[in-house]
Amino acid sequence: MRAPLARAYRPLLGSTQLQWPLLARTLIMSAAADTPPPSRTAARPATPLLEPTPLATRTMAYLDGSPDPFHATENACARLREAGFTEISERDSWGAGGAAAHSSPTLRAGGKYFFTRNRSCVVAFAVGGKYESSRSGFKVIGAHTDSPNLKVKPRSLRSASGCLQLAVECYGGGLWHTWFDRDLSVSGRVLIRQVGPDGVSSVVQRLVRFSRPLLRVPTLCIHLQSGEEREAFKVNKEEHMQPILALEVEKALNGGGEQPADAREASDVDASDKSPSDKSTGEWVDAQQPALLSLIAHELNVHVADIADFELNLYDVQPAALSGAQNEFLCSARLDNLASCALAVEAITEHTATGLDEEKVILFSPTHPFLPYVAPYFSHISPFILVFQGRLPHCAL
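Worth saying up front: this structure is predicted, and the values here are computed from it rather than measured.

Asks: Is there a simple way to explain unusual backbone geometry in this structure?
Replies: Glycine aside, residues mostly have negative phi, and peptide bonds are mostly found in the trans state. Here Asp336 and Asn337 are connected by a cis peptide whose omega angle stands at 15°. Position of Asn337 among the secondary structure elements: in helix α10 (residues 335–351). The phi angle at Ser161 is positive, at roughly 55°, despite the residue not being glycine. Tracing the chain through its elements places Ser161 in the loop between β5 (149–160) and β6 (163–171). For Ser161, a relative accessible area of 79% puts it in the exposed group.

This is the structure we're talking about:
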């Protein structure tokens, strides 16, 4: 290679002004002429990728399966059961030798327990093998199961410009501009009326989650706004954040809106024949988006008339994913604060997997705010800890 390069340098070095572009081009051409072309069959070096750890995989599964506090609580409880935690009830006696001892587990050293409230909060705790209520303390992990979202209003009926919408409210301190133009769906809790074999009526809770996109909060296309209008745009929560569910096709075809057959069954009864509860039921159905009620009834395999109430919110159906050149980032919705919930469950289950030979109680509670809710249970678990006086020995929040 030296002879060709020397011949190439000679005219350039003799000039009064170096021609750097020509020099660079000559070097490239000389090197290309003297270097054999690379083999097309030669394998390229593989880019190193970080394989997802089991912890990352489980965390993503938890995030994807927990679009609302009710599903987050249910998934946490499922993991606790798998780890050997015993479910107890606030209605039972927890003390040894209590009146309900025959039907309720007794708290004991080395035991692992959990209970829920409102199906939106779970408190799990493990009692150390050397725990003594008169002198031992608590180790505490706290998180909250709720995240900023668009929550369906109690009166969900809304329409505009030939489109069926859902009336929603902004829950929490969300970055609301990030909710535009996303594939949204619905999840939450539904109260269902049912009649048992003995003819006794009751109301049960059912969780619902639509996995396919149902709604969208659209933005105005760029051609219908000037640059100044786009720069000055400010999100109006009551006007801009109301999602579109469907077109008013049935209303356009029939010359007026009609409710589904099940909804008419619940609401088209003579008012004089209704009891006070029936009248309130009809009013509630009339205030709901019929398309939403039909979707819920079909998903839960019930009649629309069986739906007594619901607590629903919207969520982005895009699943959690690993990103980055080496898969080093975990991207997901609801990281605040479901990431803490998932890792808290991992921590308490892993820490107690082989027994807990400590002088403390390990407690996990995903609720917000934490202390006012959980504080009374310190006295349930250990009556000698004076929570009401603000003394929480060995307690780290």
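The discussion continues.
Asks: When you look at the state of the cysteines in this model, what are you seeing that I'm missing?
Replies: The term disulfide refers to a covalent linkage connecting the sulfur atoms of a pair of cysteines. Summed over the entire model, instances satisfying the criterion amount to zero disulfides. Left without a disulfide partner, Cys341 is nearest to the cysteine sulfur of Cys121, which lies 9.3 Å away.

Asks: Is there a simple way to think about helix α4 (residues 69–82) in this case?
Replies: Since there are 3.6 residues in each turn of an α-helix, residues three or four apart along the chain are aligned in direction. In this model, α4 (14 residues) spans 20 Å end to end at C-alpha, consistent with the 20 Å of a helix rising 1.5 Å per residue. Taken together, the buried positions of α4 are Pro69, Phe70, His71, Ala72, Thr73, Ala76, Cys77, Arg79 and Leu80. Phi turns positive, to about 90°, at Gly84, one or two residues after α4.

Asks: Quick question: what am I supposed to make of the pattern of salt bridges here?
Replies: Working definition: two side chains of opposite charge can pair if their charged atoms are close together. The tally for this structure, following the rule as stated, stands at ten salt bridges. Across the pair Glu90 and Arg117 runs a salt bridge whose closest N-O atoms are separated by 2.8 Å. Here the residue Glu90 occupies a position in the loop between β1 (86–87) and β2 (112–117), and Arg117 occupies one in strand β2, the gap between them amounting to 27 residues.

Asks: I'm lost on the packing of aromatic side chains in this one. Help?
Replies: The geometry of an aromatic ring pair is captured by the separation of the ring centres together with the interplanar angle, meaning the angle of the planes. Evaluated as defined, the whole model comprises four aromatic pairs. Pairing Trp176 with Trp179 gives two aromatic rings, centres 6.3 Å apart and planes at 40°, and the pair type is tilted. Judged by relative accessible area, Trp176 falls into the buried class, the value being 7%. Trp179 sits in the buried class, given a relative accessible area of 12%. Measuring from ring centre to ring centre gives 6.2 Å for Phe180 and Phe233, while their planes differ by 70°; the resulting arrangement is edge-to-face. You can see Phe180 sitting in the loop between β6 and β7 (184–195) and its partner Phe233 sitting in the loop between α5 (227–232) and β9 (244–247), a full 53 residues away along the chain. Given the relative accessible area of 11%, Phe180 is considered buried.

Rules used throughout
Residues numbered from 1 in each chain as written. Predicted model: local features only at pLDDT ≥ 70, side-chain atom pairs only at ≥ 80, totals over all residues. Heavy atoms only, no water. Helix = DSSP H or I, 4+ residues; strand = E, 2+ residues; numbered from the N terminus. Buried < 20%, exposed > 50% of the residue type's maximum accessible area, 1.4 Å probe, protein only. Disulfide = S-S within 2.5 Å. Expected span 1.5 Å × (residues − 1). Salt bridge = Lys/Arg side-chain N within 4 Å of Asp/Glu carboxyl O. Phe/Tyr/Trp six-rings, centres within 6.5 Å; stacked < 30°, edge-to-face > 60°.

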